[in-house]
Structure formats: structure tokens, C-alpha cells
Amino acid sequence: MLKKTLALSIAASLMSLSVSAQSNFTELVVFGDSLMDTGNYGNGLRFTNETAPGVYAPIAPDFLAAGLGLELVPAVEGGSNYGVGGFQTAQILDSVSGAGLQPSAEFPIAGSRDAYLSNVNGQISSSTLILIDGGGNDLRRILFGDPDEAVAEIGISAANYIQAIGDLADAGAKYIMVANVPDLANTPAVQAIEANAPALGAAAGATQVTEGYNGGVETLAALQLPDVNIIPVDIAGFIDYVFENADTYGFANGDLTVGTVTLDQRSMCYDSSGGGCIEHPTFGISGTAPDPRALVFNDTLHPTEKTSELFGDYLNNIIAAPQTIGLLPELALTAGRTQSAVSADELRRSRWGKAEGRLFVAGEMATDEYDNGDSPETENTSITVGRTFVASDSLVYGLALTLAEQELDIDGADIESESWGLSGMFGYRQDRLFVDTTVALSVLSYDGIKREFSLGVNNLTAEGDTDGHAWTVDSLAGYDLLGSDSWHLAPAIGVQYINTTVDSYTESGGELSNYAWGEQRRKSLVWRYGVVGSGQLTDSIRVFAEVFGAEEQEDETESISARNTNLNFQSYKLPSFQAQDDSYISAAVGGSVNVFNEASLNLSVNYSDRGDGYEQIIFSYSMPM
């Protein structure tokens, strides 16, 4: 009963994780060794500490699956996790495209399963996320094998790993998370040897073979898989970061003498029952105050539950980071929509009357709430000064200058921009027909972009700066059905096109999670159909109302190019943004009050149910010139 209760508790804790990113994936498929094995040996065995007899703590792939809202079940139970403790790269390749998973004396797993590519008939869905690690067990064998064969053996292992990745890509995998190997010199197994027999040079040798393997994988990936979308996972950098921040995380740190041996506590293990490591005398399973959460490693090689939680945070951040940076073009879209709305508001004043040149000053505030991810919200404030001119009885044109600030409100980011913009306005009136058109350029400066994320209790901030711009064309045409001097009602059709660009930039300060972000381009094309109306209540008061049904044509999921600046892998792409509702309703109401010498004070309120809602208020002063 206790085992079942604890298992349910662990499952509940995974399901309650805060999901920081909208999942664009329908399946998570995992390959690798014990760092990825979530139960292929049966009975829920994971290579980490037990939280109760027979109940094992979650490991990193469990946390990634929970963050994505996906199920992850061992392959021998019909699931998508093919990771098996003890597997070397040859067996990992088999699990992808060879003999599959087969029980043996060396690997007494709980069942058999065909290779993954056989199970999917050689066709991988474009919405599948792959996570693969491998090489650690190869390097342990190589480290204690024939030194003269080490270089060749490392090359063979790296080639197996690259072959597995290549086979997945050939079958259609679009997103492959590829992990490197942590420095084996830090593991309790190697540190125990180093402490007892320093003359062997085990730690130096372990570092050498690890660096050789990781470098070989990077080189072969560049040469043999230049077009494969490899998303690097820096386990080596992750363990280094945890070691450097051990005190912050509450891990035992500093040298400690156990018997005749002195060892760094970060490389002591929780459970030495399998041999090969030095158990911590206080926090080890047989210590005076057993606590696996005070130690980095559970045994000779494997992390404790706290280390796995931190690794899970890192994996989830790899997926979430592009979706934060992917919101930068939305600020450019906001700037373009603002300029269009303010210009349209002024053209509306002369829509039904005589052509007249006017000077206007407008202040504007808007909020746009999104219904994806962490429900981000953009806020825009602006001031516009403009002038319209009369070309003829039927044609009005004008220019406007806008200064604005945009702010993105979302958990895990501090993103603001400032913009200036120029708008050209054209209004055509002929009998009952009107056509209002705005053409605008918005130029944005994103200063001090702060992408914030957490690895456990440590909050990290990656910062950078970039620029962007937006071109906007907005046109609305209608035909007045009433033909009255005081009241007007017109069916109308309109289109708004915005083309934005945000320049590439490189961030810093994020420790193991710094990226060079590629250029982003985003378009919005909206058709709208509806009715506009206007009425003269008194000699000095005019009101208006408009309602439209709108259709967004640019609704594809977008991706962003990124490169981990700590590694030598090429750039990769991950989903960064999903457009909001294809169809929505927009409405506007407002009015004008003449004050003196035909000048007017004007108020407009715009609303749409796009996403979680868009609201805008425009207040302006306009006078004839």
C-alpha cells in the first residue's frame, strides 16, 4: 500500500509542474542509457535513489514529459522510452533501427520490443520530439581498456551515436535533442579510484576520453549531419554548473576525510551497496542522517532525485526559451496596429463631411492578451502628432509621427521596446463611397531583453539587445446606405497586412543556457467584414460604432533558429509561436465633441476577442488647419 501511495504521490507531483511553454509536440520518444531509463527493467526501476522500498524517484525525462504535458512509458510496456540502463552506443543504435530491445544475461529487461523505426514503419511524425543520450558506458569500458585502442574505440562509439541520430532524421524526425557526456572524472566511481590510487591518473584519463568523445560527436555531426536539426543538451555543462553552485542547492560540498581517504563531498554517493563509490558518512543511506537530496550522486554514476529535478528544469528550458523569444515580433505587430488604429481614427473624422485639412495630437493605450503558453500580455502606450491635407473635394492625405513604448508581460521574461513610426494616410470620398488607407513604418529598439528562468532555487537571466521594424498597410472601404447628412450606415470590407522583422542577436549571462537567436520574420494578414455607422446627436456631438468579423490568414506555427553558444553544434530550430484565433470579432465605439473654432476632442474605444482579448483607448485633439 505504501509503495502504491508513494508512486501516486510522485505522479501527482510531476503532473503539477508549472508548464512554462505551450507544447507543440504530440509525443516524446527517448533513447539512451541509465540516465534516460524510466523503467525498462520492470517494477518501476530507475537509476536513482529510492524514496521508499521499491519506489524510485523521477528522473529527468519524466520531468521533461510532464513539462510538455505528454506521457512517457517504458518501451517494454508499449511506450516510447527506449532508454535502457547499461546500454552502450551499439545497443542504442539497435534500439533505433536494429534488433530493438531484447532481454539477455547482460540486460535482463522486463520484455522485448522491436526497434523504434520498425514500430513506426520508418515514418516519424513531424510533431515528435526525440531525446537521446549515449556514450557514458562506452567511455567507462574504454577508460579501463587498452590505452592503445582508446582513440579508435572512441571514434567507433561516436560513429554509432551519429548513425542513430542520422537514422532518426532520415525517417523524418524534425526535432532531435542530443545529449553529450558529462565529465566522468566528477563521478563517484572515478573519484573513488583517484582517492585510493592517485598514481593511476583515473580522473585525468576520464576527462580526456570524455572530451575526445564529445568533440568527436560535434565534429561528426557537422560533417555527416549538416542538415539535421540537432538540439544540443549540455549534460557536461549542467554537471559543471551544479558543482559550481553546490552550496546554493544545499549539496554537501568541500573535502571530507572518510577513513584514510579525503574526497570532495560532491563526488560522494548516497548508496554504496553496489560498490565502487565512497558513501557519505552523514547523508549516505547508512549515514547518521540519511538524505539523498543533500548529495549530487546516488551511486557510482547516477544522479539523485534533486539533481534529476534540476536536469529536468534545464531540459524544459531548452524547449521553453524559444517560445519566450518568439514573442518579440508581437511587439512589432503591436506597434504597427497602433499606428494604423490612430491614423484610421483621424480619417474617420472626415469620412462623411467635407474634405478638410486638420492638425491632430493623439494619445493611445492598448493591451493584447494571448491565449497560449503562460498567457502573455503586451501593453502599448503612444503619442502621435499628425496633419492631414486636402488634395481635392474627394481626396484627403496626411502624415503622422508616432513615439511609443511596448512591454511584454510574461512569467520568465522582461521584454520592452521603444519605437518611432511614420504613417501616411489617404482618404477617398465619392458620393456614398469611402476608402481609408494607412501605410506605416515602425522602427523598434529592444534594449535589455531579459530572459529569466530557474534551475531549482537558482534564478538565471540571459540578456541581450536587438532591433526590429514593421511595415503596415491597412485599408477599409464602405458604401453608405442611408445617404443622410446626419446619420450613416455602411457595410464595409477591410484588409490589414503587417510584415515584421526582428534582428538576430546573442545573449549572455545565462550560464549554461546562452543562445544566439536568429532573425525572426512574422506576418499578419487580416480580412475583416462588417458595418460602420455614425450619427450627429447635436450640432457639437457626433458618435460612431463599428463591428467586424475578422479572419487571420497567417496562422502557421513558427520556428526560431538558435545556437547554444557554449557548444560547437550548428544552429537548430524549435517552435517559437503559434498564431492566435483564426476568426474573431472586433468592435469600436466613440465620439467627438466640438469645443471651439471647429476643434474637437475625440475618444475611441476598440475591442476584439482575439486571444484572451484586445483593448485600446485613443484620446485625441483635432483642429482645422
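Residues numbered from 1 in each chain as written. Predicted model: local features only at pLDDT ≥ 70, side-chain atom pairs only at ≥ 80, totals over all residues. Heavy atoms only, no water.

Enquirer: Give me the lowdown on the domain arrangement of the chain, citing residues and values where you can.
Expert: Segmenting the chain into domains produces domain 1 (27–240) and domain 2 (339–624). The C-alpha-based centres of domain 1 and domain 2 are spaced at 48 Å. Each side of the interface is counted separately: domain 1 has 17 residues, and domain 2 has twelve residues. Summing both sides of the interface, domain 1 and domain 2 together bury roughly 1200 Å²; the carbon and sulfur share of this comes to 64%. Summed over the three residues of domain 1 that lose the most area to domain 2, namely Glu218, Pro232 and Asp234, the buried surface amounts to 42% of that side. Within the residue set of the side of domain 1 that touches domain 2, elements represented by two or more residues are helix 8 (202–224), strand 6 (230–233) and helix 9 (235–244). Top element by residues in the side of domain 1 that touches domain 2 is helix 8. It accounts for four residues. Partitioned by chemical class, the residues of the side of domain 1 that touches domain 2 number eleven nonpolar, three polar and three charged. (Domains from an automatic or database assignment. Contact = heavy atoms within 4.5 Å. Buried area = accessible area lost by both parts, 1.4 Å probe. Helix = DSSP H or I, 4+ residues; strand = E, 2+ residues; numbered from the N terminus. Nonpolar A, V, L, I, M, F, W, Y, C, P; charged D, E, K, R; others polar.)

Enquirer: I'd love a proper account of the pairing of strand 8 (residues 261–264), names of residues and values included.
Expert: Across four bridges, the pairing between strand 7 (residues 255–258) and strand 8 is antiparallel. In the sheet register, Val258 faces strand 8, and the bridge partner there is Val261. Counted along the chain from strand 7 to the antiparallel partner strand 8, the turn is two residues long, and its residue Gly259 has a positive phi close to 65°. (Pairing = 2+ DSSP bridges.)

Enquirer: So, the state of the cysteines: which residues are in play, and what are the values?
Expert: Evaluated as defined, the whole model comprises one disulfide. Paired by a disulfide, Cys269 and Cys277 hold their sulfur atoms 2.1 Å apart. Judged by the sign of its S-S torsion, about 75°, the cystine formed by Cys269 and Cys277 is right-handed. Per residue, the accessibility class of Cys269 equals that of Cys277, and both read buried. (Disulfide = S-S within 2.5 Å. Buried < 20%, exposed > 50% of the residue type's maximum accessible area, 1.4 Å probe, protein only.)

Enquirer: For helix 6 (residues 150–170), give the residues involved together with the corresponding values.
Expert: Given a rise of 1.5 Å per residue, 21 residues ought to cover 30 Å, and the 30 Å separating the end C-alpha atoms of helix 6 matches this to within 8%. With its phi angle positive at about 110°, Gly172 sits one or two positions after the end of helix 6. (Expected span 1.5 Å × (residues − 1).)

Enquirer: With reference to specific residues and values, describe the environment of Pro232.
Expert: Relative to the elements of secondary structure, Pro232 occurs in strand 6. Sequence separation between Pro232 and Asp447 is 215 residues, and the spatial gap between their C-alpha atoms is 28 Å. Beyond its immediate sequence surroundings of up to four residues, Pro232 is in contact with Val178, Tyr314, Ile318, Asn564, Leu567, Phe569 and Tyr572.

Enquirer: Go over the sheet that holds strand 9 (residues 358–369) with me, naming the residues and quoting the values.
Expert: Reading around the circumference, 9-10-11-12-13-14-15-18-19-22-23-24 is the order of the twelve strands in this closed barrel, with antiparallel pairing throughout. Shown here is a sheet whose adjacent strand axes are inclined to one another by a mean of 15°, direction ignored. When strand 13 (residues 433–455) meets strand 14 (residues 458–479), the two strands line up antiparallel, connected through 21 bridges. Bridging from a neighbouring strand, Lys450 pairs with Glu463 of strand 14. (Axes fitted to C-alpha atoms, helices over the stretch in contact; angles between N-to-C directions.)

Enquirer: Can you tell me about the sheet that holds strand 4 (residues 128–132), naming the residues and giving the values?
Expert: Here four strands make up an open sheet; going across it, the order is 1-4-5-6 and the pairing parallel. The open sheet is flanked by strand 1 (27–31) and strand 6, the only strands paired with a single partner. Sheet twist, expressed as the average angle between the axes of neighbouring strands with direction ignored, equals 20°. By the bridge criterion, four bridges tie strand 4 to strand 5 (residues 175–179) in an arrangement that is parallel. Its bridge partner lying in strand 5, Ile132 is registered against Val178. The sheet contacts of helix 6 involve strand 1, strand 4, strand 5 and strand 6, and relative to strand 5 the element is tilted by about 170°.

Enquirer: How would you summarise helix 2 (residues 60–68) if you had to cite specific residues and measurements?
Expert: In terms of burial, helix 2 is largely enclosed, as nine of its nine residues are buried. Among the residues of helix 2, those classed as buried are Ala60, Pro61, Asp62, Phe63, Leu64, Ala65, Ala66, Gly67 and Leu68.

Enquirer: Please provide a residue-by-residue account of the confidence of the model for the chain, values included.
Expert: For any part of a model where pLDDT is low, the fine detail of the predicted coordinates should not be relied upon. Counting all residues, the mean pLDDT for the chain is 93, and 96% of those residues have values of 70 or more. When the criterion is pLDDT under 50, residues 1–21 qualifies, and its contacts beyond four places in sequence or with other chains add up to 26 contacts. (pLDDT = per-residue confidence, 0-100.)

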